[in-house]
Amino acid sequence: MSIIGEAILTASVDLLVNKLASEGILFFARQEKIQDDLMEWENMLEMIKAVLDDAEEKKTTNRFVKKWLGKLQNLAYDVEDLLDQFQTEAFRRKLVLGNREPAAAHDQPSSSRTRT
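Residues numbered from 1 in each chain as written. Predicted model: local features only at pLDDT ≥ 70, side-chain atom pairs only at ≥ 80, totals over all residues. Heavy atoms only, no water.

> Could you give an account of the nonpolar core, naming the residues involved and the relevant values?
L38, L45, L52, L83 and F86 are the most contacted members of the largest nonpolar core, which has 24 residues in total. Looking at this core, the elements with two or more residues in it are α1 (3-20), α2 (23-32), α3 (35-58) and α4 (63-97). Broken down by element, this core gets its largest block of residues, 9 residues, from α4. Among residues more than four places away in sequence, those in contact with F86 are I25, F28, I34, L38 and W41. (Core = buried A, V, L, I, M, F, W, Y, C linked by side-chain atoms within 4.5 Å. Buried < 20%, exposed > 50% of the residue type's maximum accessible area, 1.4 Å probe, protein only. Helix = DSSP H or I, 4+ residues; strand = E, 2+ residues; numbered from the N terminus. Contact = heavy atoms within 4.5 Å.)

Take a look at the structure:
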């Protein structure tokens, strides 16, 4: 992974942390009751940020670290896509609800997925 790739990975992790705190994601998390899961994701991302510098230094001598950094970048892209889907669903729901969040909305299932 190049210096540019390393900067992109660090920026991607920062972007994900910021997205987790966005209004739309928080709205979606409350409705789906996944706040604890998203807090866990945020904690993991903060830990990843803490080890990135060390891993980036070691990648030149350790091919497994280099491979891990590449997989981490792919994971960051996947998580960003998932958070974008959450955000889109949150916006859709806000439009349907007229930008308010009634208490009953917390118990309504999502129309975008089937519960089993």
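> Just give me the short version of the environment of A55, but keep the residues and values in it.
Checked against the element boundaries, A55 lands in helix α3. When the C-alpha positions of A55 and V65 are compared, they lie 6.3 Å apart, and in sequence the two are 10 residues distant. Beyond its immediate stretch of four places on either side in the chain, A55 contacts V65, W68 and L69.

> Tell me about the pattern of salt bridges, and please be specific about residues and values.
Pairs can form between side chains of opposite charge whenever their charged atoms are close. Counting across every chain of the model gives 8 salt bridges. Here E32 makes a salt bridge to R93, at a shortest N to O gap of 2.7 Å. Of the two residues, E32 sits in helix α2 while R93 sits in helix α4, which places them 61 residues apart along the sequence. Here E32 matches R93 in class, with each residue buried. What you see here is one network of salt bridges that share partners, running through E32, E89, R92 and R93. (Salt bridge = Lys/Arg side-chain N within 4 Å of Asp/Glu carboxyl O.)

> So what's going on with the packing of aromatic side chains? Which residues, and what values?
Summed over all chains, the structure comprises 1 aromatic pair. A centroid spacing of 4.5 Å and a plane angle of 25° characterise the contact between F28 and F86, whose relative ring orientation is stacked. Here F28, found in helix α2, pairs with F86, found in helix α4; they are 58 residues apart in sequence, far enough to count as distant. Above the face of the F27 ring, K94 is positioned so that its terminal group lies 5.0 Å from the ring centre. (Phe/Tyr/Trp six-rings, centres within 6.5 Å; stacked < 30°, edge-to-face > 60°. Lys NZ or Arg CZ within 6 Å of the ring centre and 35° of its normal.)

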